[in-house]
Amino acid sequence: MKKVLFCLIIVLFQLAVFSNVSNNTLNTLANKNVKVQLSDGSIYRGVLIGYDNVNLILSTKVTGVISIKKEAVIEILLDTPNHFQITPMGKSYASFNLLGFLQFGPIFSFDLKLSNNIYGGLHFRWAGIGLLYQLAASNGFEDSPSIFCSAYGFQLKYFSSGKNSNHKLYFGIFSDFTLGWSAGDLGTSYEWKSNFGGLAIAGNFGRRWRYSSKFFLDVGLIFGFYLEFWDNWNYLDEPYIIRHGGNGTVIFAMLELAFGWESKK
């Protein structure tokens, strides 16, 4: 009697299992990506390419075509792919270009969202503490440009909208106006001082790596030209005799290595 009862329980259990893999369900899932969970806890993923009263036939990427006993199946479901979730950029961001210390001055920027993929804003470039700026403005470190030389400008950037990545390519324009001061022949009878100003216009492109913390890292290139508008100077012992120079054009390029944070919304 106990054996009969035990066999009856087994049969009822198998019937319950088979109810999860009825022919109607299998007809619906035929030739589709499915996820099959077995009674031992293992899970198989693949395309259901066939079945009979005893077996399911799956075509998997890992092991090829396999046969699975129906009696071992607990559940079979349509296996929908996990679509990549795109995180939209915030309404604003702030950034700081580190490499400016070695080039034409570190750049502090703040940008606002103007449209879906376009951002624009203002920046401050502290030119006077840039190594290459000091080299260029001092004629090879012969003169003494002020560390307070600075530039004020704007930038526009277009960010590509990748479908499978939150990282972005960007393209843009960059422009600023520089105000500077310098001196030379220090400690001599013909010591002089000057003030100068000019406009930089450049293109900009690179890649932005974005992270869930809203932190980002930009790696890119800024390239263009600088047009000097004036360079007025005088000897200290002749303060009222102003000499005029300037109007030169210089082509320049800067590597961009900037970090920053996007707003959360």
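As shown above, the structure is provided for reference.
Trainee: Would you mind going over the side chain of Asp218 with me for this structure?
Mentor: If you trace the backbone, Asp218 turns up in strand β12 (residues 215-235). Classification of Asp218 by relative accessible area gives buried; the value is 1%. A polar contact of 2.7 Å, which involves the side chain of Asp218, links it to the side chain of Arg208. Each residue touching Asp218, except ones within four places of it in the same chain, is listed here: Lys157, Tyr170, Arg207, Arg208, Glu256, Leu257 and Ala258.

Trainee: Honestly, the nonpolar core in this entry has me stumped. Any pointers?
Mentor: Nonpolar side chains tend to gather and get buried jointly when the protein is soluble and globular. Counting 13 residues, the largest nonpolar core has Phe104, Tyr133, Phe174, Ala202, Ile222, Phe252 and Met254 as the members making the most contacts within it. Among the secondary structure elements, those contributing two or more residues to this core are β11 (192-210), β12 and β14 (249-262). Here this core gets 3 residues from one element, more than from any other, and that element is β11. In this structure, Leu48, Leu56, Ile66 and Ile68 belong to the second largest nonpolar core, which totals 12 residues.

Trainee: Quick question: what am I supposed to make of the environment of Leu77 here?
Mentor: Here Leu77 lies in strand β5 (residues 73-78). Apart from the residues lying within four places of it in its own chain, the contact partners of Leu77 are Leu29, Asn33, Val34 and Lys35.

Trainee: Can you help me understand unusual backbone geometry in this one?
Mentor: When glycine is set aside, most residues are seen to have a negative phi, and most peptide bonds are trans. A positive phi angle, near 55°, is found at Asn139, a position not held by glycine. Relative to the helices and strands, Asn139 is located in the loop between α3 (131-137) and β9 (150-159). Non-glycine residue Lys214 carries a positive phi angle of around 80°. Residue placement: Lys214 occurs in the loop between β11 and β12. Residue class for Lys214 comes out buried when judged on its relative accessible area of 15%.

Trainee: What exactly am I supposed to notice about the packing of aromatic side chains here?
Mentor: As enumerated under the stated definition, the model contains 20 aromatic pairs in all. With 5.7 Å between their ring centres and 90° between their planes, Tyr119 and Phe159 make a pair best called edge-to-face. Here Tyr119, found in strand β8 (residues 118-125), pairs with Phe159, found in strand β9; they are 40 residues apart in sequence, far enough to count as distant. In this pair, the class of Tyr119 matches that of Phe159, namely buried. Here the aromatic cluster, defined as three or more aromatic residues joined through ring pairs, consists of Phe96, Phe101, Phe108, Phe124, Tyr152, Tyr211, Phe215, Phe259 and Trp261. Positioned above the aromatic ring of Phe216 is the side chain of Arg208, whose terminal nitrogen or guanidinium carbon lies 3.7 Å from the ring centre. Across the ring face of Trp233, the terminal group of Arg243 is positioned such that the distance to the ring centre comes to 5.4 Å.

Trainee: So what exactly am I meant to see when it comes to the layout of surface pockets here?
Mentor: Over the atoms a probe the size of a water molecule is rolled, and this reveals where empty space is left. Empty space within the largest pocket amounts to approximately 570 Å³. Taken together, the residues of the lining of the largest pocket sort by class into 13 nonpolar, 6 polar and 4 charged. In this structure, the second largest pocket encloses a volume near 170 Å³. If you trace the second largest pocket, you find 10 residues lining it, with Asn33, Arg45, Gly46, Lys61 and Asp79 closest to the centre. Broken down by secondary-structure element, the contributors of at least two residues to the lining of the second largest pocket are β1 (33-38) and β2 (43-51). Here the element with the most residues in the lining of the second largest pocket is β2; it accounts for 3 residues.

Trainee: Please explain the pattern of salt bridges as it appears in this structure.
Mentor: Taken as a whole and judged by the stated rule, the model has 7 salt bridges. In this structure, the salt-bridge partner of Glu256 is Lys157, at a minimum N-O distance of 3.5 Å. Pair noted here: Glu256 is in strand β14 and Lys157 is in strand β9, with a separation of 99 residues, a long-range link. A single burial state applies to Glu256 and to Lys157, both of which are buried. Residue Glu262 pairs with Arg210 through a salt bridge whose shortest N-O separation is 2.7 Å. With a gap of 52 residues between them, Glu262 in strand β14 and Arg210 in strand β11 connect regions that are remote in the sequence. A relative accessible area of 7% places Glu262 in the buried class. The buried category is assigned to Arg210, whose relative accessible area is 7%.

The rules behind these values
- Residues numbered from 1 in each chain as written.
- Predicted model: local features only at pLDDT ≥ 70, side-chain atom pairs only at ≥ 80, totals over all residues.
- Heavy atoms only, no water.
- Helix = DSSP H or I, 4+ residues; strand = E, 2+ residues; numbered from the N terminus.
- Buried < 20%, exposed > 50% of the residue type's maximum accessible area, 1.4 Å probe, protein only.
- Polar contact = N/O pair within 3.5 Å; in protein donor to acceptor, adjacent residues only side chain to side chain.
- Contact = heavy atoms within 4.5 Å.
- Core = buried A, V, L, I, M, F, W, Y, C linked by side-chain atoms within 4.5 Å.
- Phe/Tyr/Trp six-rings, centres within 6.5 Å; stacked < 30°, edge-to-face > 60°.
- Lys NZ or Arg CZ within 6 Å of the ring centre and 35° of its normal.
- 1 Å grid on protein atoms, 1.4 Å probe; cavity = no way out; pocket = protein on both sides within 12 Å on 5 of 7 lines; lining within 4 Å.
- Points joined across faces, edges and corners; volume = space filled by probe spheres on them.
- Nonpolar A, V, L, I, M, F, W, Y, C, P; charged D, E, K, R; others polar.
- Salt bridge = Lys/Arg side-chain N within 4 Å of Asp/Glu carboxyl O.

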